[in-house]
Amino acid sequence: MAILKIARMGHPVLRRRADPIADPRAPEIARLIADMQETLRDIGGIGLAAPQVHVPLRVVIFSVPAARAGDPEAGDDAPDGPVPFTVLVNPQIEVLDAATEMGLEACLSVPGLAGMVPRFRRLRYRADTPDGGRLEREAAGFHARVVQHECDHLDGVLYPMRMSDLSLLGFTEEMARWVPSAPNRAGAVTPAKADA
Ligand code: NI
């Protein structure tokens, strides 16, 4: 396994549409996933998409730790539990609720910055799995946000391109200081940033 170099905003691999994976069980795909997992563990982010490690293929990895799972006390009215380490090959998203909510996001490919991004609250996603099977889940809240952020990477989209108000893009330290509780749709507190 190897720790891979992260592509940063401006690199063309982050702007192009990634290619589908014909055989999710191929040894080179297993190796890529293992390297991505090691890279993510080393950096300490929530999720990672293959284009972020200069590989233009449709695979993402992520997990939602318990600390970031839906919290009704924080105003998340569509709570979702923690999600174990997940690999999505050739993922597809179906939006289940057209309503969006704002939340703070960061990205390993956009280091040092964070921004408030509107995302769909509820969705269903389907994907191939590395063992040759299929996976289908519903997601809400932070879980849905992470999936949208990661799958956007496969289409050459970075979170600033999804922002509706660029005045809410800033340096991470400043955003944590001044926008720690930027209001979401319910006027509730948004949890800390998602590095993904
Ligand atoms: Ni990202």
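In this text, all values refer to a predicted model and were calculated from it rather than measured experimentally.

Rules of the game
Residues numbered from 1 in each chain as written. Predicted model: local features only at pLDDT ≥ 70, side-chain atom pairs only at ≥ 80, totals over all residues. Heavy atoms only, no water. Helix = DSSP H or I, 4+ residues; strand = E, 2+ residues; numbered from the N terminus. Buried < 20%, exposed > 50% of the residue type's maximum accessible area, 1.4 Å probe, protein only. Contact = heavy atoms within 4.5 Å. Areas by Shrake-Rupley, 256 points an atom, 1.4 Å probe, with all protein chains shown as cover. Patch = residues over 30% accessible without salt bridge, like charges linked within 9 Å, V, L, I, M, F, W, Y side chains within 5 Å. Salt bridge = Lys/Arg side-chain N within 4 Å of Asp/Glu carboxyl O.

Chemist: How do you make sense of the overall build of the protein when you look at a structure like this?
Modeler: Counting its secondary structure elements, the protein contains 3 helices and 7 strands. Considering the protein as a whole, with its 196 residues, one finds that 49% of them fall into the buried category. Partitioning the contacts of the protein with sequence separation of at least 6, the portion at a separation of at least 24 is 70%. Carbon together with sulfur atoms contributes 54% to the accessible area of the protein, which is approximately 9200 Å² in total.

Chemist: I keep staring at a nonpolar patch on the surface and nothing clicks. Help me out?
Modeler: A surface patch of nonpolar side chains, about 220 Å² in accessible area, is lined by I93, V95 and F120. Summarising the element assignment, F120 is placed in strand 4 (residues 113-128). Among the residues examined, F120 registers a relative accessible area of 33% and is labelled partly exposed.

Chemist: Would you mind showing me how to read the side chain of D35 here?
Modeler: Relative to the helices and strands, D35 is located in helix 1 (residues 27-43). With near-sequence residues (within four places) excluded, D35 lies in contact with M1, A2 and L4.

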